[in-house]
Every structure is written in C-alpha cells, then in structure tokens.
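Observations on the three-dimensional arrangement
Chain residues, written in single-letter form:
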Protein chains: 2
Amino acid sequence: MSSSPLLAELIDALRCLPGVGAKTAQRMAFHVLERDRAGARRLSAALGTAVERIGNCTRCRTFSEEAVCGFCASASRDRAALCVVETPVDQLAIEQATGYRGQYFVLLGRLSPLDGIGPQELGLDRLAARLAEGEVQELIVATNPTVEGEATAHLLAQLASGAGIRASRIAHGVPLGGELEYIDRGTLAHAFGGRQEL
Amino acid sequence: MSSSPLLAELIDALRCLPGVGAKTAQRMAFHVLERDRAGARRLSAALGTAVERIGNCTRCRTFSEEAVCGFCASASRDRAALCVVETPVDQLAIEQATGYRGQYFVLLGRLSPLDGIGPQELGLDRLAARLAEGEVQELIVATNPTVEGEATAHLLAQLASGAGIRASRIAHGVPLGGELEYIDRGTLAHAFGGRQEL
C-alpha cells in the first residue's frame, strides 16, 4: 500500500523504461517528487512531445520531427557516401565515435524472414531509388555482425553491385584494448581470416 | 549531433532521474521511441499529474493528493501507535517490510541546524499537537542511525516524554544474514552494547 494512488501509478509507469524494476522506479518517483519537480515537469513535456511529434525521415528513415531530418537536409555533409545502419541508435553511435560526415540510411531492423522482416520492411526499395539517383559513390554497410546483420549486409552488397556502386563493410575483429586470450573464438577467427598486410 | 532536437531534449530531460547518465538516457529515449510509445505516453501523463497534484498530507506530511492521506483516513489502522520517519520512502519501506499497521508521521528531513533545518521545518509543532490529542500511546522513532537521525531521535524522545507518552526506537545492530567479520565497527559496537537477554 502507498499513501497515494497517483504515486503508485507514477511508480508503475516508470517501469516502461528499460532496466527499471520496481525498486528503481520507487526511488525515481520519490526522488523527483522530493527534489526535482521542475525536472519531472520538463521530462513529462519532453516525453509527450517526443512521442507525438517524432516520426521518421522520409529520406533516410531515422527519427525526425521534420519530413527530412537534419542529416539529410544538411548542405555540409558529403552526399557521395551513404552509411547503412540497423537503427537510429547505431547511427548516433557512429556519429559520436567517428569522423564520418556523409549521409545515412536507417533500415529500422534487419533481415529476418521468420519474423516477417524482408527487403520491403527495411525500405530497400527506397534505398535502391536513392542509389539510382547517381549521387552515392560508396555504400558503407554498418549492420551488426550477427547472423541477420550479415545476411542484410550480403543483400545490401548485391543492391550496390546492381547499381554499379562500390560497397564496403566496417571491419570486425579484436576490439582495441581487447586481449586475444579473452576474445571469443568467432571474433578471433574472423580477425585472423581478415588480416591485412602491414 | 542528433537527427532530432526533440530527441536531444528528451535524452537531456531523462537525466533528471537518479542514476541516469548520458548513455542510459540515450538508451531509454531510443527504447521508448522504438518499442513503447504507449508506455511513454502513460509515463508523461503520470509524471505531469503527480507533480501537479501530489502535495503533503495535512496530518502526517507524507505524499498525498488528498488533504488527508490514505493512512491517516483509514479506520482500520491502529491510532494508538505513531511511527516517526524521515521521508515518505522510509515510510513505504516500513509498510512493505513489517506488519506495522499504526499511524505515521513524516518529518520530511532530519535535524540539521547547519542547513537551517530545526524543529519548525520538521513539523514538530504539529507532532506535539497530535500527541496532545491523547490518542497516541506509543511513539516509535524510526529515523536513520546517522548523527542527524540520532539527534532527531533524541529530540523526539524529549517531546514524547513531555507529553507523558512512551517512546521506542527501532533496533540497530547486525543485519540478518550479515557476518560479524564484515560488519563495520560502529554497527558491531552498537550491537554489542545493545545486547539483550536470551
């Protein structure tokens, strides 16, 4: 029992956030009520606005409240390079970690026929149309190194080849700072097979 | 840079939650946008309603959207016992862990003269008035075993004694399942000094 039904509802609603269980939700609810009502008001507004207004960019399918997102609309970004990722969060990771300043295309998933996710669901018709425009000269495939991600990469390579465009795949191997002793076999075999001349 | 200013605002707003840093906020924002917009809408509403409508019970000072909270209004709870806690979350912890079904009084803080928190800020005048009503027969002091919490407990004991009411303090000592070897010295000394006859 709690002293307040609204408080109980808040604690329960907080559990929609990933990694937030009953105890954490409780701590969060009490924290904002005791110490940060202004922050909670702002979060309430930001959440409400975000879910109502954020849709997908009509050009690259990433999250955007505009019909065309900031990346696609930017005049300063290289239009000859197109990086394909699975999700908007992958796009953000590349943007934050690398110096890449080309364009993106977001699949919003990966090839998974058993789940009913085929080329249509990944927007590959739109990607093909984009490649046919003639601006793109390199397709950088940055899908995840999972079975589905590799299958998706294979399909994307075919698409690029059909359009006469060079396709590349981001490198997979031993992560920086990783020790061979502790790397899983699959990664090590991949790194070994993919060795490059010094 | 992100593809969407609204998304950036949502990620930033999420950081008002305790324990949520930049990376976690990012993960939460993408999660709700990709997979749980209904949950996000509900959370937005719950947060907004909670901060607007949850105030403090006029009788026990806990969080409540009513003038008198569910605990104080309940006819089934023992009115002879009054448990004093520092915060609403302490009250919830006692309610969930123990079989206690008496009344509560929430200080919303602890004695801390350097921070300008004295008897007035803790509502001790209201507590004194409550004790003078004559219903309460035992004051259970459940402030935290910190320096400020102990000072507060001492003051509460004086208040009870002045009103001719029995005061008790919850026991402090070695936690269940704790091993003496790993308990801090202060707790162990306290547990040793507070030993009870078998």
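Calculation notes
- Residues numbered from 1 in each chain as written.
- Chains lettered and ligands numbered in written order.
- Predicted model: local features only at pLDDT ≥ 70, side-chain atom pairs only at ≥ 80, totals over all residues.
- Heavy atoms only, no water.
- Pairing = 2+ DSSP bridges.
- Helix = DSSP H or I, 4+ residues; strand = E, 2+ residues; numbered from the N terminus.
- Axes fitted to C-alpha atoms, helices over the stretch in contact; angles between N-to-C directions.
- Contact = heavy atoms within 4.5 Å.
- Domains from an automatic or database assignment.
- Right-handed = clockwise from strand over helix to strand, strands pointing away.
- Core = buried A, V, L, I, M, F, W, Y, C linked by side-chain atoms within 4.5 Å.
- Buried < 20%, exposed > 50% of the residue type's maximum accessible area, 1.4 Å probe, protein only.
- Phe/Tyr/Trp six-rings, centres within 6.5 Å; stacked < 30°, edge-to-face > 60°.
- Least-squares fit on C-alpha atoms with pLDDT ≥ 70 in both.
- Parallel < 35°, antiparallel > 145°, perpendicular 65-115°, else oblique.

Moving on to the sheet that holds strand S4 (residues 103-106) of chain B. Residue and element names in this part refer to chain B. Strand order in this open sheet of four strands is S4-S3-S5-S6, and the pairing throughout is parallel. Looking at which strands have only one partner, the edges of the open sheet turn out to be S4 and strand S6 (166-169). Recorded for the sheet is a direction-independent mean angle of 25° between the axes of neighbouring strands. Sheet topology places strand S5 (residues 138-141) next to S6; four bridges connect them, and they run parallel. What sits directly across from Ile140, in S6, is Ser168. Lying over the sheet, helix H5 (residues 88-97) contacts strand S3 (81-85) and S4, oriented at roughly 155° with respect to S4.

Turning our attention to the domain arrangement of chain A. Domain boundaries in chain A define domain 1 (5-53) and domain 2 (76-169). Here the C-alpha centroids of domain 1 of chain A and domain 2 of chain A sit 35 Å apart.

In this section: the pairing of S5(B). The side chains of a regular strand alternate, first on one face of the sheet and then on the other. Residues and elements named next belong to chain B. Alignment of S3 against S5, held across four bridges, turns out to be parallel. Note on S5: the bridge partner recorded for Ala81 is Glu138. With helix H7 (residues 147-162) bridging S5 and its parallel neighbour S6, the resulting β-α-β unit is right-handed.

If you look at the biggest cluster of nonpolar residues, it comprises 48 residues, and the most contacted ones within it are Leu14(A), Leu17(A), Leu43(A), Leu14(B), Leu17(B) and Leu43(B). Going through the elements one at a time, helix H1 (5-14), helix H2 (22-35) and helix H3 (37-53) of chain A together with helix H1 (5-14), helix H2 (22-35) and helix H3 (37-53) of chain B are the ones with two or more residues in this core. Non-local contacts of Leu14(B), meaning those with residues more than four positions away in its chain, are made with Leu17(A), Leu43(A), Val20(B), Ala25(B), Met28(B) and Ala29(B).

All right, on to the packing of aromatic side chains then. Across all of its chains, the model carries six aromatic pairs over all chains by this definition. With a centroid separation of 5.3 Å and an interplanar angle of 75°, the aromatic rings of Tyr100(B) and Tyr104(B) are classed as edge-to-face. The exposure classification of Tyr100(B) matches that of Tyr104(B), with both residues buried. By the ring-pair criterion, three or more aromatic residues cluster together here, those being Phe71(A), Tyr100(A) and Tyr104(A).

Superposing chain A onto chain B requires a rotation of 180° together with a translation of 0.0 Å along the rotation axis, leaving an RMSD of 0.1 Å. Taken together, the turn and the small shift mark the pair as related by a two-fold rotation axis. Identified as the residue of chain A closest to the rotation axis by C-alpha distance is Ser44(A), at 2.1 Å. Take the interface residues of chain A: 100% of them recur as interface residues in chain B, which is what a same-surface contact looks like.

It is worth spelling out the packing of helix H5 (residues 88-97) of chain A against H2(B) at this point. Closest axis-to-axis distance for the H5(A)/H2(B) pair is 10 Å, and the angle between their directions is 150°. With respect to their mutual orientation, H5(A) and H2(B) come out roughly antiparallel. Facing Pro88(A), Val89(A), Leu92(A) and Gln96(A) of H5(A), the residues of H2(B) in contact are Gln26(B), Phe30(B) and Glu34(B).

Position of Glu150(A) among the secondary structure elements: in helix H7 (residues 147-162). Aside from chain neighbours lying at most four places away, what touches Glu150(A) is Asn144(A), Pro145(A), Arg169(A) and His172(A).

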